[in-house]
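# Topology and contacts: notes
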Amino acid sequence: MNTLNNRIFIVGFMGCGKTTVGNELQQHLTNYTFVDTDLLIEQISGTTITQLFAGKGEAFFRNEEAKLLAMLTANASPTIVATGGGLPLHNNAMHTLCANGTVIYLKLSPKALTKRLVAQKHTRPLIADVSDELILNYITTLLHEREPTYAKAHYTVNGEMPVNEIVTELIQLLKL
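Rules of the game
Residues numbered from 1 in each chain as written. Predicted model: local features only at pLDDT ≥ 70, side-chain atom pairs only at ≥ 80, totals over all residues. Heavy atoms only, no water. Helix = DSSP H or I, 4+ residues; strand = E, 2+ residues; numbered from the N terminus. Rg over C-alpha atoms; globule rule 2.2 N^0.38 Å. Core = buried A, V, L, I, M, F, W, Y, C linked by side-chain atoms within 4.5 Å. Buried < 20%, exposed > 50% of the residue type's maximum accessible area, 1.4 Å probe, protein only. Axes fitted to C-alpha atoms, helices over the stretch in contact; angles between N-to-C directions. Parallel < 35°, antiparallel > 145°, perpendicular 65-115°, else oblique. Left-handed = near helix turned anticlockwise from the far one by under 90°. Contact = heavy atoms within 4.5 Å. Pairing = 2+ DSSP bridges.

## So, the overall build of the protein
A count of helical and extended segments in the protein gives 7 helices and 5 strands. Along its sequence from the N terminus, the protein presents helices and strands in the succession β-α-β-α-α-β-α-β-α-α-β-α. For 176 residues, the compact-globule estimate of 2.2 N^0.38 gives 16 Å, and the C-alpha radius of gyration of the protein, at 15 Å, lies within 12% of that figure. Counting only C-alpha atoms and orienting by the principal axes, one finds that the protein spans roughly 45 × 35 × 25 Å.

## Regarding the nonpolar core
Counting 49 residues, the largest nonpolar core has I8, F13, L97, V103 and L113 as the members making the most contacts within it. If you tally residues by element for this core, the top one is helix α3 (residues 49-74), at 7 residues.

## Some thoughts on unusual backbone geometry
The phi angle at N91 is positive, at roughly 55 degrees, despite the residue not being glycine. Positive phi, normally seen in glycine, also occurs at N92, with a value near 60 degrees. Here N92 shows up in the loop between β3 (79-82) and α4 (93-100). With relative accessibility at 55%, the residue N92 sits in the exposed group.

## Some thoughts on the packing of helix α1 (residues 18-28) against helix α7 (residues 163-174)
Packing of α1 against α7 leaves a shortest axis separation of 9 Å and a crossing angle of 60 degrees. On the basis of their axis angle, the class for α1 and α7 is oblique. The two elements α1 and α7 cross, and the hand of that crossing is right-handed. For the pair formed by α1 and α7, the contact residues are T20, V21, E24, L25 and H28 on the first element and V163, I166, V167, L170 and I171 on the second.

## Remarks on the pairing of strand β1 (residues 7-11)
Of all 5 residues in β1, 5 are buried, a share of seventy percent or more. Judged by which residues are buried, β1 turns out to be covered on both faces: R7, F9 and V11 on one side and I8 and I10 on the other are all buried. Inspection of the sheet shows β1 paired to β3 by 4 bridges, in the parallel sense. Bridge pairing in β3 links F9 to V81. In this sheet, strand β4 (residues 102-107) lies alongside β1 in parallel orientation, the contact comprising 4 bridges. From the neighbouring strand, I8 faces β4, where its bridge partner is T102.

Keep in mind these numbers describe shape, not what the thing actually does.
Structure (structure tokens):
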């Protein structure tokens with residue numbers, strides 16, 4: 001096994017399915033543990049991401065992500081990590097991810113992301129105040145800004161495929 005495969009990081013825009021794919025991948029790779037950075041930050045802080053953003057701000061949240069990433073990259077056990085959508089963009093995190101594991105970019109179109117995210121707006125601090133009429137434009141713009149960072153991943157996978165097909169492709173790509 002490629003030593004970088006000891007840690008598998010799944011990156012991509014909010015709502016692209018990182019947690020769903022990571023959980024399903026872990027069901028096939030039972031010697032791996034699965035971690036969702038957003039859920040872990042919520043557990044550690046005892047509050048939701050939305051509440052953290054509102055109460056302490058995005059800079060505080062990004063600092064918490066950086067501390068968590070340092071902890072995860074120091075851990076040598078096989079781990080699948082679903083990152084928050086913005087995690088790779090701050091604190092040189094994408095470089096850290098690529099240097100410490102295999103990075104998978106789960107890519108979806110702005111229209112597919114919008115379809116998924118409209119119903120979840122209240123739990124997504126970056127889009128909570130964007131009107132339904134403007135959300136496609138907002139997601140398109142934000143994704144365009146983030147795409148160069150996400151594209152640095154070792155592999156890009158079409159996130160619009162069914163989850164079982166994504167997992168099969170990942171297992172083949174990673175030779176696991």
